[in-house]
Structure formats: structure tokens, C-alpha cells
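Observations on chain architecture
Residues per chain are reported as follows:
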Amino acid sequence: MSFIIGIDGPAGSGKGTMTKILAKKFNLIHIDTGITYRAVAKAVLDNNIKLNEKEKIIEVAKNIDIQIKNEENVDKVFLNGKDITKDIRSKEVTAIVSQVSSIKEVRLIMVDLQRKLAEGKNVIMEGRDICTYVFPNADIKIYLKASLEERARRRYEENCQKGINMSYQEVLENIKLRDENDMHKEIGSLEIAEDSIVVDTTGFEIEQSVEKLTKIIQEKMKNM
Ligand code: DC
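A brief look at the structure comes next.

The subject of this paragraph is the side chain of D182. Checked against the element boundaries, D182 lands in helix 8 (residues 168–182). Here the side chain of D182 touches K185 through a polar contact of 2.9 Å, side chain to side chain. Excluding residues within four positions of it along the chain, D182 makes contact with S98, S101, R128, S189 and L190.

Its location among the elements puts K185 in the loop between helix 8 and strand 8 (197–200). A polar contact is formed between the side chain of K185 and the side chain of S101, at a distance of 2.9 Å.

On to helix 2 (residues 34–46). Here helix 2 spans 18 Å end to end across 13 residues, near enough to the 18 Å set by a 1.5 Å rise per residue. Extensive coverage of helix 2 is indicated by the burial of 10 of its 13 residues.

Let us look at the sheet that holds strand 8. An order of 2-6-1-7-8 is seen for the five strands of this open sheet, with the pairing classed as parallel. At either margin of the open sheet sits one strand with a lone partner, and together these are strand 2 (29–32) and strand 8. Taking the axes of each pair of neighbouring strands and ignoring which way they run, one obtains an average angle of 20° across the sheet. Sitting on the sheet, helix 9 (residues 206–222) touches strand 1 (3–8), strand 7 (140–145) and strand 8, and the angle it makes with strand 7 is about 160°.

Here the focus is the layout of surface pockets. By volume, the second largest pocket amounts to about 170 Å³. In terms of lining, the second largest pocket is formed by I29, H30, I31, D32, I68, K69, N70, D75, L117 and K121. Of the residues forming the lining of the second largest pocket, the biggest block, four residues, is contributed by strand 2. Of the residues assigned to the lining of the second largest pocket, the class counts are four nonpolar, two polar and four charged.

Let's shift gears to the site of the ligand. R38, R107, D129, R178 and K185 are the nearest of the 15 residues found near the ligand. Note that a nitrogen atom of the ligand is positioned 3.0 Å from one of the side-chain N or O atoms of T33. With respect to the ligand, the side chain of R128 contributes an N or O atom lying 3.0 Å from an oxygen atom. Out of a free accessible area of 450 Å², the ligand has 98% covered by protein chains. Among the residues making up the shell around the ligand, the classes are represented as two nonpolar, five polar and eight charged.

We now examine helix 4 (residues 91–101). Taken together, the buried positions of helix 4 are V93, T94, I96, V97, S98, V100 and S101. Buried residues belonging to helix 4 abut helix 2, helix 3 (54–63), helix 5 (104–118) and helix 8.

Conventions used here
- Residues numbered from 1 in each chain as written.
- Predicted model: local features only at pLDDT ≥ 70, side-chain atom pairs only at ≥ 80, totals over all residues.
- Heavy atoms only, no water.
- Helix = DSSP H or I, 4+ residues; strand = E, 2+ residues; numbered from the N terminus.
- Polar contact = N/O pair within 3.5 Å; in protein donor to acceptor, adjacent residues only side chain to side chain.
- Contact = heavy atoms within 4.5 Å.
- Expected span 1.5 Å × (residues − 1).
- Buried < 20%, exposed > 50% of the residue type's maximum accessible area, 1.4 Å probe, protein only.
- Pairing = 2+ DSSP bridges.
- Axes fitted to C-alpha atoms, helices over the stretch in contact; angles between N-to-C directions.
- 1 Å grid on protein atoms, 1.4 Å probe; cavity = no way out; pocket = protein on both sides within 12 Å on 5 of 7 lines; lining within 4 Å.
- Points joined across faces, edges and corners; volume = space filled by probe spheres on them.
- Nonpolar A, V, L, I, M, F, W, Y, C, P; charged D, E, K, R; others polar.
- Near = heavy atom within 4 Å.
- Areas by Shrake-Rupley, 256 points an atom, 1.4 Å probe, with all protein chains shown as cover.

Structure below.
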């Protein structure tokens, strides 16, 4: 039996930061499902496959070996044994990941992997379709949102800290495009599950968001 908290929301809504902090607080395993799609996008680039070569992309997803190992609170990602932790955040991967993740067959393979990663564990899982598709029966469902400008600012600052070279305008345009694409997928679109609790983090400091989410989780747990 697993205990599952699903956190959905668009890029920059605070999912990553929140799930890492809450995982520690509630002693849960943190799973970032975006990593799985980013790893496929990285393999697509490594193999010089174009975005219109759908069959080749599906083949890559079918044969991919993705390992995620948490080392000192950092998710280390390995693609066919090679450490790609930093590469999956690159401008090039970020530019194509949403389109790669729109391919139905790719999604089905990755969702299967995501479900396996959670098997028998107590997890907090972040993504776009966790509460609607991957785990529609998750124990606690949360949807995080924030204004486009604030999300772009957060992601821009994060990128600067990680040494990823993208201007604020580039980040904003990329997020806008990804939002649009993520909301119009054949399966697993970015949507608010009927029973998700929506939290708008616009204008919130990290501590305020943590406090708000902690209260929601504690309240829900009390009634279980
Ligand atoms: O959370 P992220 O920015 O690392 O996600 C990268 C892309 O992967 C995002 O643009 C959409 C896709 N994704 C998805 O379709 N479903 C998920 N559960 C997680 C990510």
C-alpha cells in the first residue's frame, strides 16, 4: 500500500521547491515526474532525432533506462548509466520537452514508470497530471498556481543559480509555450482535478507556501 500526495501545476508554480521541503517534513519520498520526460528529451537530442520523427522518439522511450537516485537531497538522474542531472535542465532540453511529452505513446511508457517508482512507498509526487491521470485516487491532491510573470521570474532566478544561460524574456516565452502545449495534450493534460485543493502562490514567500500546504496536509491527514 502506498500513501500518495499529488502536486500538479504549471512550470514555476513552486511544485519542485514545495515537494522537496514537504517530503522532508512528512518523511515522504519525493518523485519529480518531469524528470522522466526530460530524460527522454535528452535522449532524443543525443540521437539527433527531430521532433517530427515520432516513431523514432517512441522507440527511444521504449528502450530508455532511467534511474533516479536521491543523493544528499538531490535527485541524480542517470540515462543508460550516464549522469544527466545537469543536462536535463539545459535550454535545449527545456525547449523540446513539452512536445516530446505530448506524444501519447511516450506518456504511457513514462506513466507506467512513474507508477512503478511509487509502488509500495509513501510519496509526494509532482507533475502535471498526477491527480487526474497517474494517481487519480491519490490520498491528497493539490494544484499549485501563480501568475505567468511570477513563475517566469522564479524560474529565471533558479536558472541563474544553476548557471543556465537564459534571459528573463526567453524563460517567459518558453513557459508560455509550454503552458499552452501542456494544456492541450491527448492524454495527461495540465488540468485541475475536481477534488484538488487549489493554492495560488502568487506573492508568497517560500515559507508562506510551505505553511499553507503544511496546514492543508495536516488537516487532510487528521480526517483519514
Ligand atoms: O516539471 P518540468 O518543467 O520539469 O516538466 C517538464 C515537461 O514535462 C513539462 O513541460 C511538461 C512535461 N510533464 C508532463 O507532461 N507531465 C508530468 N507529469 C510532468 C511533466
